[in-house]
Amino acid sequence: MSVLVVRFAEADFAENGQHVFRLSFHNQRPGVAARVAVVDGSVGGDVPWFGRTVVTLSRPPYPPPAPFPPPQIRGLDTSVTAGPLQNSVSALGTSFQFTFAPLAGCLTCGVPAGTTVFARVGKEPVLVFGEWQVCTAVDVEAQVTVLGGLNVTRTVKRFRFTHDPVETGAYRVQAKSVFTDSQYGLEDISPVESRYIVGEVVFGFGVLDRKTGVLSVTFSADVPFGEANGVVKTATELLNPESSALLGPGVVRVSWPNPRTLSLTLPPARECGLCGAWRDKRAAALAHAVRNNRPDVPVRLWTDPADVSLPTTMEITWRNPTDWYDVQSGFQMTKTVVVTIDDSKRGDDAGVVIAGARVSGGCQTLQLAAVAKDGSWDGVARWSFDDVVWSPNGPSRGDSTHPVPEVSEHPGLLEIVVAANSERQSALRLDPTITRPGLRYEFGASLTDCAGQNSTAVMQADRVAGAVPFVFPTTGAVEYVTRFSRSFTIAMETKMPDVELSVATYGRDCDVDVTALTFLWTNLSSNAPCFFSTVRSSKYDGYERSQRARRNTLTIPPFCLAPQVEPHVLELFASYGTGGSGGGVAASRTEVFVTVTNSPLLPAMAGGVGPRRVAFGVGDFVLDASSSYDPDEGAPYALAMQHVFFWSCGVVRNVYKPDLTSNQLDYKALNALYEAPAVRKCDALIDEILARAGGGAVVPPGVSAAMAIDTLYRFTVQYTVGMRSANVSTLVHAVEERVPTVTLRTPTTPQASGAATRLVGLVSRSGQLDTDGAEPVGAITLAWTAVPAVDFSDHNNFLTSTDATALVIAPNVLLPGQKYVFTLVASQFGVNESGYATTTAVEVVGPPALGLVVVTPAEGGSALSTEFAISTLGWGGGGVLLYSIGYVTQSVGGMEAEVFLTRQQASRDAKGVLPCDVGLVAGEVTVFAYAEVPGGGGAVARAETTVRVVPLAEEEVTAAARAALDAAQMLEDLGSAAAAAAAACAAMNPSGNKSFVALYAVGAEEKAARAQIRAGAMALVIASASVTLDIVNEDPGVVLDPDLVGGLIVAVATIAAVPSEMTARAAALGIETVAALLNAPTARSLKEHAVDAAVGLFDVGLTIVAIWGGDLFQGLDEGEAEETEKTISNSSSSRRRLKRFRRALSQSDETNVTGATNSTTSEPTTTATQVTLNPLAALALDGCTLAAAAAVRGRVANETTALMFRGKLSVSAARKFPSDLFFGKGVDDFFSKPITMNHAYAASWSFPASVMESLNASQHADLSLYRIDAGTVPSTTRAMSDACAVDLVDDAGHRVFVAEEEEITALFQIKGTGLLELEKVVYQYQCVRHVGGVWVSDGVLVRTGKAVELASTETEKGRQVTVSCHGKGDSFLGFLVGVSVVPKEFVASDEKSQPTRTLDAYWFVMVFTLFIGTTAGACALKRGMRRYDVRVANSDNAVANKA
């Protein structure tokens, strides 16, 4: 009840004696009943009146009456009524708007009229605030609380402040209310404050690669710790204690492949708790899901465990996420990261193998390792010692007097197994003293992976007496499966004993000659024709064994082993020869089992498997399976069989309208789409069109016109050959818009995360005409998308532009363990919808866990004399790792080169001598190790360290190199011998702080000795390379490891680094070998530094020509020839084989293209009537074309431009889009872009319209540019300019077509003084072409254009002459072209005539005066120009000539 007492004055009453008055109720809501008492307190007033009423809501009077009594004014306060949330994070560019309200200083106080608000901003961490600024007064609609507690909307006065930051960081805004008048002022003494951040909330998502044990976390922004100079943080510093314990207790190693990717290399699975915790989490989820599977619950209500979706994620938490970024950066790291773990079961690769020698002797410790068959990291091993029997390799003792010792009689072995299981070790080390000769021991191993899948294996190891070569498969596996049509390699390794130590430890039976080790492969179960040569043996009835059967690693070519159900049993017999002086056993037999199956048919669908979008009714959509083939069809004596194609169709989705921007499919959803059953059959019209194929590979046009709009179709072709069949399908949907047609090629092998990933697409315009009958000409724009997401806006993630049909993703962008789906979207201007195509899943694999490289002796040693032992330690990432160990030295041209001591071996150790830079008092040599998982797609990890190597005095280098070469020639292993030979020559190479010219001061006798050393070293490296090249000869379809090929190239270049110390023969053999290596097929592109080293070697060849002159074998003494021939005699076919790879720059119009299609060209096309070319220079030019081809092989357009500039030659190679070579849209408005390399003396080329037309259908064009020092060109005449050449081939390897009536133009820049006025009377510039060893000019094919002389504003030496040369048709393609200076009466020799020999003096061209000085300006004709009665200038100075 409310009581109100009111006092009225007489003036308050109306004439009728009544009064209506307004009552204000506090804290009462409308509708509440109120009792009212009216009391008149005046003199003679009425008696009190009581009544009832209801509280109502009415609009207050305006303006409101002044409060009575007036409010108190004691102070001011301020509040933030609108603005960013406290500590919120917003992107840079956000405009921050704050709204403030002045408040009274106490509950009973008021805010005086005229109060305003001031604000200011400060930036952390210094917090220097700016000046106070007056906020803008605004009227806003706001909710206010009226009397009675009701919230109502009112127009109120507020004050607004705006801040537009220009940089990221943490900011604070302060605001205060201020009132001032003529009497006094009032101010908020405690300003309100709000903190907000301009930057980004950085989040990460993680993926565990179960194969390598690397947990990769990708962040949404760069992390300072990942920068080049970032603070180094350990795992315990990054992770909170719970997460450290989850990933431990072993050591977790941290690395940053790039600023956005953190790699946590987990310890071995036995020392990591992540998998166990993940299994526990999944087990708990499964138990919860099937909790109702009880007897008291009906079975129909049970949950099938197979239908339960188990967790695939775990979480890790950072220790101090606020410390990851500087507070002023504006970036904040989220605290938790979700880690995805692939829960798929391993397929055919699942399992465990026990690696180790199957036969061991009494002289070495046997090590057995239980490893995952597919090399996965996530396996925890457990061992068992199962059985002991008599060994068939030892003397039989199986009788009653000599029973077989039981398992219990080997307590030492049992203790080792128990200890290994207690520590969850994956390896057993068995000392020969705890085993007995003549016995076969059986061990078992099980491996449990991260998902709980368990695998078991059994191995039997024979123990024999004496010294036995430890021969074992590199991968540890002894059972293999391969296809009939495939080349297959069984990599075997041999572990040599330390004879001196073995004899001291185990006795005289261990004294063997390890250099006498031989190998022999035999097929024990059936025939193996490839194991034998075509030469009959003089020792037995039959054919001699082939070279492949005499190597420890066996490469089986296609169609050698016949397909059969039972595996082929192949035995490797390894022997030390006659055995030890103590009569110990000196041989071992290792068996492997190879199952060969028929190759499956390989159906192929043009355009890919989709899904893809096409325009309705266009004719350029064709179903084409003509690329399908039978791999076994190429087998010898294979029967010709008919190839039949059966086409079918089904509708997968009746309505299919994918959103290309927001609804991308991941690989699982894509696989579900591929495997989804058809919802209905296709229309009869489509089936009719498919039937018209009549068993052929191509369906007639018209399918797209019969398709329903926005319906997803699956077109399938069944490819049948004989009794075998295979299917391939493509998913297609049509739209009414004339979208471009897009196709996309999916990589067929796993992609290494640390290497570039290449994607190649093709886009063509719709063939449908516009309504006016014109071809659609709208511009096409391209865009790429990926699932999981890749930041396509960051150009650092890519090596090419993202708006092209070819895309190269930079290393360390894609996460290992993930499967990516890429989509290429093509949008055409004027067309509402876009065409697209999608890849299938692209699997990304990561490198092994990085370890250490340890060198002994750690304190260092002396160059070329101390034998260093290099070992790897702590590397992880699965089962057997393949290690490549070597050192870094100086190679040709002063470039750093990696020389390998071992290549892709399971052994963790390597030994060898090391070189050191000449002239250094004490230096450091870098030693390195690479590790990779077998079949890991080229994913490698690299670690390095340095060791102190004391260099030799310069006068001691030659003798030490000779001794090192002699020691290298004693080594049995060709790879080790080649590495030691390279070390011997590297010690003679100039260091980085000493020029190559400095070594030219070596005396003639010492120089000859060095030349012999380099020739002998070259022979050793060639012998090692011949093993690799023999594999290519034996099996042309084999693909080699590019790092192996590159290492051999670098080794050859290292040996030939000093031209003055090389003989022509040794250089020629090296160049031929490198040319063959460049032409060898490789699984991936060669690294640029390897191709650059090859060009450096070819430059050495040209330099030798310039130094020595004469023919190829000039100056070669008999001793060096004998040494060279003796060393390479093991590969008698080497030189004969290498010649087949020659491909010189064109020497006649009949010469083929210099690209990959010219591999059959043998010798340069010279005849008896032509001048003999300098063979060494010709070989170098041959190699240049191969280097250009190798530089772009396997790459995509615009991925790279290889610039390989040397002193005597320069090579530029690039793979381009055809549109990159021309301006304009068509032939009518077309003109060629100037094409040149960035070299002062390189010509600039331009092509005619016919070249553009010939490239219309080509996806790319390979452009090769060459510049050769004119003084070293194999020729009988000299040119004034350097010799330059251009070559252009299409994507099929064919040289482009040039119409006969059109010309290719070359502009030559001739720098120097040029022809002076007196000389111009006698001489003229002439364009010449190098053909058959002669510079010739043909007025029909080669035309000389204008010669424009540009005078310098400084000195006459700065003058430049531009000469234009024009070649008709393709007369310039592949030919060396130059500019010569000839007498005015000069008559050009015909290209087919014999040039006439004239003067013997050299023609020193003026262009070279910039290099050899103005005093070397004598000019004379050398050879090849006809004799004329003219005066030959003796000086570049016209005044001097008058004398």
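Residues numbered from 1 in each chain as written. Predicted model: local features only at pLDDT ≥ 70, side-chain atom pairs only at ≥ 80, totals over all residues. Heavy atoms only, no water.

Here's the deal with the overall build of the chain
Put simply, the rule reads: Helix and strand assignments come from DSSP, with helices taken as H or I runs of at least 4 residues and strands as E runs of at least 2, each series counted from the N terminus. Each residue's exposure class comes from its accessible area (1.4 Å probe, protein chains only) as a fraction of the maximum for that residue type: buried when under 20%, exposed when over 50%, partly exposed otherwise. Every residue pair with non-hydrogen atoms within 4.5 Å of one another is taken to be in contact. Only the protein chains shown count as cover for residues, and the accessible areas themselves come from Shrake-Rupley with a 1.4 Å probe.
Helices and strands together make up the secondary structure of the chain, namely 21 helices and 71 strands. Relative to its 1443 residues, the chain shows a buried fraction of 51%. Partitioning the intrachain contacts of the chain with sequence separation of at least 6 by distance along the chain shows that 70% fall at a separation of at least 24. About 66,100 Å² of surface is accessible on the chain, with carbon and sulfur atoms providing 53% of the total.

Things to note about the sheet that holds strand 58 (residues 940-950)
Note the cut-off: Paired strands, as defined in this entry, are two strands with at least two bridges between them according to DSSP. Every axis in this analysis is a line fitted to C-alpha atoms, fitted for helices over the stretch in contact. Angles between the N-to-C directions lie between 0 and 180 degrees.
The strand order across the open sheet built from 5 strands is 52-58-57-54-55, with neighbouring strands paired in mixed fashion. The outermost strands of the open sheet, each flanked by one partner alone, are strand 52 (861-862) and strand 55 (896-905). Sheet contacts for helix 10 (residues 974-986): strand 54 (882-890) and strand 55; angle to strand 55, the most-contacted strand, approximately 165 degrees. Strand contacts of helix 12 (residues 1042-1055): strand 54 and strand 55, with the helix running at about 135 degrees to strand 55, the strand carrying the most contacts.

A few points about the state of the cysteines
Here is the rule: The disulfide criterion used throughout: a pair of cysteine sulfur atoms within 2.5 Å.
Overall, the coordinates contain 5 disulfides when judged by the stated rule. At a sulfur-sulfur separation of 2.0 Å, the disulfide partner of Cys275 is Cys450. Sign of the S-S torsion, about -105 degrees for the bond between Cys275 and Cys450, identifies this disulfide as left-handed. Within this pair, whereas Cys275 is found in helix 3 (residues 274-289), its partner Cys450 is found in the loop between strand 26 (439-448) and strand 27 (454-463), the two being separated by 175 residues in sequence. Both residues of the pair, Cys275 and Cys450, belong to the buried class.

Focus on the packing of aromatic side chains
Stated formally: Working definition: rings of Phe, Tyr and Trp (its six-membered ring) pair if their centres are within 6.5 Å, and the pair is stacked with planes under 30 degrees apart, edge-to-face with planes over 60 apart, and tilted otherwise.
According to the stated counting rule, one finds 23 aromatic pairs in the structure shown. When the ring of Tyr171 is compared with that of Tyr196, the centres are 6.0 Å apart and the planes differ by 15 degrees; the resulting orientation is stacked. Here Tyr196 lies in strand 12 (residues 192-198) and Tyr171 lies in strand 10 (residues 169-180), a separation of 25 residues in the sequence. The class for Tyr171 is buried, based on a relative accessible area of 6%. On the accessibility criterion, Tyr196 (0% relative accessible area) is buried. Their ring planes at 40 degrees and their centres at 6.2 Å tell us that Phe900 and Tyr930 sit as a pair that is tilted. A residue pair is termed long-range when its members are at least 10 positions apart, and Phe900 in strand 55 and Tyr930 in strand 57 (residues 923-932) qualify at 30 residues. Taken individually, Phe900 and Tyr930 each receive the classification buried, so the pair is uniform in this respect.

Remarks on the sheet that holds strand 37 (residues 587-597)
Overall, mixed pairing links the 4 strands, which are arranged 29-37-36-32 in an open sheet. A strand with exactly one partner marks an edge of an open sheet, and here the two such strands are strand 29 (479-483) and strand 32 (518-523). Mean inter-strand twist for the sheet, computed between neighbouring axes without regard to direction, equals 25 degrees. Here 5 bridges tie strand 29 to strand 37, and the two strands are oriented parallel to one another. Paired with Arg483 across the strands is Thr597, a residue of strand 37.

Observations regarding a nonpolar patch on the surface
This is how it is decided: For patches, a residue must show more than 30% relative accessible area and have no salt bridge; joins then use 9 Å for like charges and 5 Å for nonpolar side chains, namely Val, Leu, Ile, Met, Phe, Trp and Tyr. What makes a salt bridge here is a side-chain nitrogen of Lys or Arg within 4 Å of a carboxyl oxygen of Asp or Glu, nothing more.
A cluster of nonpolar side chains, namely Leu852, Val854 and Leu873, defines an oily patch on the protein surface of about 270 Å² accessible area. Within the secondary structure, Leu852 is located in strand 51 (residues 852-856). By relative accessible area, Leu852 is classed as exposed at 53%.

Topic: the packing of helix 9 (residues 954-969) against helix 10
Relative placement of two packed helices is described by the angle separating their axes and the distance separating the axes. To be explicit about the condition: In what follows, roughly perpendicular refers to angles from 65 to 115 degrees, roughly parallel to angles under 35, roughly antiparallel to angles over 145, and oblique to any angle outside these ranges. Note on residue classes: Ala, Val, Leu, Ile, Met, Phe, Trp, Tyr, Cys and Pro are nonpolar, Asp, Glu, Lys and Arg are charged, and everything else, Gly too, is polar.
Running from amino to carboxyl end, helix 9 crosses helix 10 at an angle of 175 degrees, the nearest separation of the two axes being 8 Å. It follows from the interaxial angle that helix 9 and helix 10 lie roughly antiparallel. Facing helix 9, whose interface residues are Ala961, Ala964, Leu965 and Ala968, helix 10 presents Ala977, Ala980, Ala981 and Ala984. Considering only residue class, the contact of helix 9 with helix 10 consists of 8 nonpolar, no polar and no charged.

Here's the deal with the environment of Val178
Positionally, Val178 belongs in strand 10. Considering only alpha carbons, one finds Val178 and Ile189, 11 residues apart in sequence, at a separation of 9.4 Å. Those residues within four positions of Val178 in sequence are excluded, and the remaining contacts are Leu76, Gly114, Thr115, Thr116, Phe118, Leu186 and Glu187.

Re helix 17 (residues 1175-1192)
Residue pairs three or four apart in sequence face the same way in an α-helix, which turns once every 3.6 residues. Short version of the rule: What a helix should span is 1.5 Å times the count of its residues minus one.
Compared with the 26 Å implied by 1.5 Å per residue over 18 residues, the 27 Å span of helix 17 between its first and last C-alpha is a close match. Within helix 17, 17 of the 18 residues are buried, which leaves the element mostly enclosed by the surrounding structure. One or two steps after helix 17, the chain reaches Gly1194, where phi turns positive at roughly 80 degrees.

Section: empty space enclosed by the protein
Selection criterion: Any residue with an atom within 4 Å of a point lines the site, the site being either a cavity, points on a 1 Å grid over the protein atoms alone where a 1.4 Å probe fits but cannot get out, or a pocket, an open set with protein on both sides within 12 Å along at least 5 of 7 lines. Grid points are joined across faces, edges and corners, and a volume is the space filled by probe spheres set on the points.
Summed over all chains, the structure comprises 12 cavities of 30 Å³ or more. Estimates place the volume of the largest cavity at around 180 Å³. Lining the largest cavity are 15 residues, and of these Glu898, Phe900, Asp1043, Lys1087 and His1089 sit closest to its centre. Looking at the lining of the largest cavity element by element, the count peaks at 5 residues for helix 12.

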